[in-house]
Amino acid sequence: MRTSRIKWHIVVFLAPAMLVYTAVMIFPLFNTLRLALYTEVEQSRVFVGLDNFRTLFGDPQWSGAFWNALWNNCWFFIIHMLVQNPIGILLAAILSHPKLRFAALYRSAIFIPTILSFVIIGFAWKLILSPIWGIAPGMLDAVGLKFLFAPWLGKEEYALTTLALVSVWQFVGIPMMLIYAALLTIPEEVLEAGEIDGITGASAFWKIKLPLILPSIGIISILTFVGNFNAFDLIYTAQGALAGPNFSTDILGTFMYRTFFGFQLQLGDPHMGSAIATAMFGIILIGVCIYLFGIQTRLRRYQF
Amino acid sequence: MSLQKIGAALLATTILATGASAQDVELTIESWRNDDLTLWQDKIIPAFEAANPGIKVTFAPSAPAEYNAVLNSKLDAGSAGDLITCRPFDASLALYDAGHLADLSDLGGMANFSDVAKSAWQTDDGSATFCVPMASVIHGFIYNKDAFAELGLEIPETEAEFFAALDAIKEDGTYIPMAMGTNDQWEAATMGYNNIGPNYWKGEEGRTALIAGEQKLTDEAWVAPYRTLAKWGDYLGDGYEAQTYPDSQNIFTLGRAAIYPAGSWEITGFNAQADFEMGAFKPPVQTAGDECYISDHTDIAMGMNAASPNADAAKTFLDWMGTAEFANIYANALPGFFSLSSHDVPMEDPLAQEFVSWRGECNSTIRSTYQILSRGTPNLENDTWNASAQVIKGEESPEDAGKRLQDGLASWYAPHM
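The rules we used
Residues numbered from 1 in each chain as written. Chains lettered and ligands numbered in written order. Predicted model: local features only at pLDDT ≥ 70, side-chain atom pairs only at ≥ 80, totals over all residues. Helix = DSSP H or I, 4+ residues; strand = E, 2+ residues; numbered from the N terminus. Rg over C-alpha atoms; globule rule 2.2 N^0.38 Å. Buried ≥ 20, exposed ≤ 12 C-beta atoms within 10 Å, placed from the backbone. Contact = placed C-beta atoms within 7 Å. Core = buried A, V, L, I, M, F, W, Y, C linked by C-beta atoms within 7 Å. Domains from an automatic or database assignment. pLDDT = per-residue confidence, 0-100. Nonpolar A, V, L, I, M, F, W, Y, C, P; charged D, E, K, R; others polar. Pairing = 2+ DSSP bridges. Axes fitted to C-alpha atoms, helices over the stretch in contact; angles between N-to-C directions. Parallel < 35°, antiparallel > 145°, perpendicular 65-115°, else oblique.

A.B. asks: How would you explain the overall build of chain B if you had to name every residue and give the values?
C.D. replies: A tally of regular secondary structure across chain B gives 18 helices and 10 strands. Relative to the globule expectation of 22 Å for 417 residues, the C-alpha radius of gyration of chain B, 23 Å, shows essentially globular dimensions. Judged by the C-alpha coordinates and their principal axes, chain B covers about 80 × 50 × 40 Å. Burial status across chain B gives 49% buried among its 417 residues. For chain B, long-range pairs separated by at least 24 residues make up 78% of all intrachain contacts whose partners lie at least 6 apart in sequence.

Okay, structure coming up:
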């Protein structure tokens, strides 16, 4: 039987989620995009088209800060991709080893920082790395490596990398858990079949397990990308809105915050702030599209 | 109308007013100083209400970080209190321009404040004053008296003596010569550049010339303080690059450092924390006998909501804030927040006395970046934070810092273009 009637129950069931999502996500998103096209002149809002973007990319003061923040953001992302995700995969591979004892304990211990608040993480690491009260200099001293210690968070050349590593420490549990789950779904038969063909140990990981978890690694990469380009909290709690030293830890999130809400004597400019937010949205959109159309569609999937 | 009739009318209103105590005028104060809640409730408001029966006052503060945003939305919605605590300069000026703050130029109590005191709450041309100045903070250096006695050091008067003292403390090694970090950046600008700077640019003279466009940030008077700051790096504690403001406060109050570049707002906290005797000295001058200048920064004031239905009562309160009585209560309850009025206010706290005594010896000025100059993008105040921190760390030369700030200012501020 064919029916062209509207299926009302679908609409009814979708409505609450759609309404909430529209009110708190879609509407603000489009309103932000709209706000970027205005500016304030003499207490009233005036439509200026793409002028804010012209300022953002054309004015050397603004564009300098923007490209600096974008590059810092990229570096933040690179560190996560190079450190967090490989370590996450490695930990998952170790954890999934059947002979490992206390696996549950390690799993929880590594995952716990993920659920802590950024404020706690930022503050705790600031104290740990503090040259005055921190335990980092003392610990290095105990093993005779005191000369390696530097006030990392206060040095332009190290601060961003240090914070990226703190963030890696916090979030390494996420790729670990996702990969761990993916590894558990690999059927024993496949591994046993490989074993009969002489593929064991490390080569079993490289030749059988890794290809099978590639889709999960793809998902983790895109989650890392979106998370990193939306990052703000850790930098803000550790270094403040001015993202010191000398803007070396300034990422798009802190740059947007400073512009939108103002800082100290600088009055907030919601319109320029929205322009930056729109640029962030565009960057993330492009990144996700490259992934979805360029990589995701080419990944081979296996069904068991 | 005959005199008797006026008298009768006045008498009638008085009787009516006293008879209708249920219809007391109620005033609400908006403020970000939630730390001062008990001071207002226990001291200031009772004193005012005793002198002005028929007016009831409520102090209703919000969190400092949210104050500006909360106040703006309340004013727009018409639900803000009658009296509004004013931030200095542009934040309040914007409220006045938007018609939210009333013009108080004619208020009698205003006569008790100097022009410098009022400058933070005036239109650019000085034609209208919209808030009654309450308090300022003074910059200088707080030092550990025990440490100075131990090392046989005298209070430095000149810059040469200042660095000689720092050298002596460093040589001895018991104390960190100076407690300051560059992590939070603002200390370098506020307690560094704007603390020692007025001696170079001659206070108000240089500051107003900069605003007028007659001096530039690349001039010797504005670069020289950076040159001095560049020497500070050697005397700060290990890893000062990552040292935060609370770190510096703790290092000093724990007795580990000898000198703390300070603002007078630290007095209350330091009195509670430190168990050694503290003294203060003013920013050293270049050569002995030079005229001295101090940063006596206007920080807090009170204005009136232009839409207040109780304008008369609010004006009575604001007028009272110009009296010696108010100045006395406020300054003594909050040592370190000094009255801006021209009344002679006796204070009990010795450290606060020390700070305020400089007003008699030196010329007062305010922080150079606060009036007008931080209105545009790039923001001069924020850039000064960055430049001061960079110069102390030796990552930017004083000349380059001056040039960068000047270029930034010239990009939007007409008198410098």
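From this point, things continue past the structure.
A.B. asks: Hey, could you go over the overall build of chain A for me, with residue numbers and the actual values?
C.D. replies: Each helix and strand in chain A was counted, giving 13 helices and four strands. Judged by the C-alpha coordinates and their principal axes, chain A covers about 80 × 80 × 30 Å. A total of 304 residues make up chain A; the buried ones form 30% of that total. At a minimum sequence separation of 6, the contacts of chain A that also span at least 24 residues come to 65%.

A.B. asks: Can you tell me about the nonpolar core, naming the residues and giving the values?
C.D. replies: Ile276(A), Met178(B), Ala257(B), Phe317(B) and Tyr330(B) are the most contacted members of the largest nonpolar core, which totals 153 residues. Per-element tally for this core: the top contributor is strand β4 (residues 131-144) of chain B, with nine residues. When residues of this core are assigned to domains, at least three fall in each of domain 1 (3-136 + 298-347) and domain 2 (138-296 + 366-416) of chain B. Setting aside residues no more than four positions away along its own chain, Ile276(A) makes contact with Leu56(A), Leu252(A), Phe255(A), Met256(A) and Thr259(A). Of all hydrophobic cores here, the second largest spans 11 residues; its members include Phe171(A), Val172(A), Ala182(A) and Leu183(A).

A.B. asks: Let's hear about the domain arrangement of chain B: which residues, and what values?
C.D. replies: Residue and element names in this part refer to chain B. If you check the domain split of chain B, you get domain 1 (3-136 + 298-347) and domain 2 (138-296 + 366-416). The straight-line distance from the C-alpha centre of domain 1 to that of domain 2 is 33 Å. Taken together, the contacts link 14 residues of domain 1 with 13 residues of domain 2.

A.B. asks: Outline the confidence of the model for chain B, supporting the account with residue identities and numerical values.
C.D. replies: Residues and elements named next belong to chain B. Summarising the model, chain B shows a mean pLDDT of 88, and 94% of its residues fall at 70 or more. Throughout residues 10-21 the model reports pLDDT below 50, and contacts reaching past four residues in sequence, or to other chains, amount to one contact. Scoring the predicted complex yields pTM 0.83 and, for the interface, ipTM 0.81.

A.B. asks: Let's hear about the interface of chain A and chain B: which residues, and what values?
C.D. replies: Each partner contributes residues to the interface: chain A has 22 residues there, and chain B has 28 residues. Tallied by class, the residues present in the side of chain A that touches chain B amount to 11 nonpolar, nine polar and two charged.

A.B. asks: Would you mind going over the pairing of strand β1 (residues 38-41) of chain A in detail, with residue names and values included?
C.D. replies: Consecutive side chains along a regular strand alternate between the two faces of the sheet. Residues and elements named next belong to chain A. Strand direction decides the pairing type here: β1 and strand β2 (residues 44-47), joined by four bridges, are antiparallel. Paired with threonine 39 across the strands is valine 46, a residue of β2. Between β1 and β2, which pair antiparallel one after the other, the connecting turn spans two residues, and glutamate 42 there sits at a positive phi close to 50 degrees.

A.B. asks: Which residues make up unusual backbone geometry, and what values go with them?
C.D. replies: All names here are of chain B. Across the junction of threonine 377 and proline 378, the peptide omega takes the value 0 degrees, indicating a cis bond. Note that proline 378 resides in the loop between β10 (363-365) and α17 (380-393). With phi around 60 degrees, phenylalanine 89 is a residue other than glycine that occupies positive phi space. Along the chain, the position of phenylalanine 89 falls in the loop between β3 (83-86) and α4 (90-97). Positive phi, normally seen in glycine, also occurs at glutamine 185, with a value near 65 degrees. Position of glutamine 185 among the secondary structure elements: in the loop between β5 (176-178) and α8 (186-196).

A.B. asks: So what's going on with the packing of helix α2 (residues 51-58) of chain A against helix α13 (residues 270-295) of chain A? Residues and values would help.
C.D. replies: All names here are of chain A. Orientation of α2 relative to α13, taken along the N-to-C sense of each, is 75 degrees, at an axis distance of 9 Å. Between α2 and α13, the interaxial angle falls into the category roughly perpendicular. From α2, Asn52, Phe53 and Leu56 reach across to α13, where they touch His271, Met272, Ala275, Ile276 and Ala279. Across the contact of α2 with α13, the residue classes tally to six nonpolar, two polar and no charged.

A.B. asks: I'd like a description of the confidence of the model for chain A, backed by residues and values.
C.D. replies: Of all residues in chain A, 98% attain a pLDDT of 70 or more, and the chain-wide mean is 90. In the model of chain A, strand β4 (residues 266-267) of chain A stands out as the element of lowest mean pLDDT, 76, in contrast to helix α7 (residues 159-171) of chain A, which has the highest, 95.

A.B. asks: So what about the environment of Ile132(A)? Which residues, and what values?
C.D. replies: For Ile132(A), the location among the structural elements is in the loop between α5 (118-129) and α6 (136-142). Each C-alpha atom of the pair Ile132(A) and Pro151(A) lies 9.4 Å from the other, and the pair is 19 residues apart in sequence.

A.B. asks: Can you tell me about the environment of Asn332(B), naming the residues and giving the values?
C.D. replies: All names here are of chain B. Along the chain, asparagine 332 turns up in helix α15 (residues 324-333). By C-beta crowding, asparagine 332 is classed as partly exposed, having 17 other C-beta atoms within 10 Å. Sequence-distant contacts of asparagine 332, defined by excluding residues within four places in its chain, comprise Met347 and Glu348.

A.B. asks: I'd love a proper account of the packing of α8(B) against α17(B), names of residues and values included.
C.D. replies: Residue and element names in this part refer to chain B. In contact at an axis separation of 7 Å, α8 and α17 are set at 85 degrees when each is read in the N-to-C sense. As summarised for this structure, α8 and α17 are arranged roughly perpendicular, according to the angle between their axes. Residue-level contacts link Trp186, Ala188, Ala189, Gly192 and Tyr193 of α8 to Thr384, Trp385, Ser388, Ala389 and Ile392 of α17. The class makeup of the residues in the contact of α8 with α17 is seven nonpolar, three polar and no charged.

A.B. asks: Let's hear about the pairing of strand β2 (residues 55-61) of chain B: which residues, and what values?
C.D. replies: Pairing geometry for strand β1 (residues 25-31) of chain B and β2(B), over seven bridges, is parallel. Within β2(B), the residue paired with Glu30(B) across the bridge is Ala60(B).

A.B. asks: Account for the environment of Asp172(B), naming residues and giving values.
C.D. replies: The topology assignment puts Asp172(B) in helix α7 (residues 159-172). Measuring from C-alpha to C-alpha, the distance between Asp172(B) and Leu151(B) comes to 7.9 Å, with 21 residues separating the pair along the chain.

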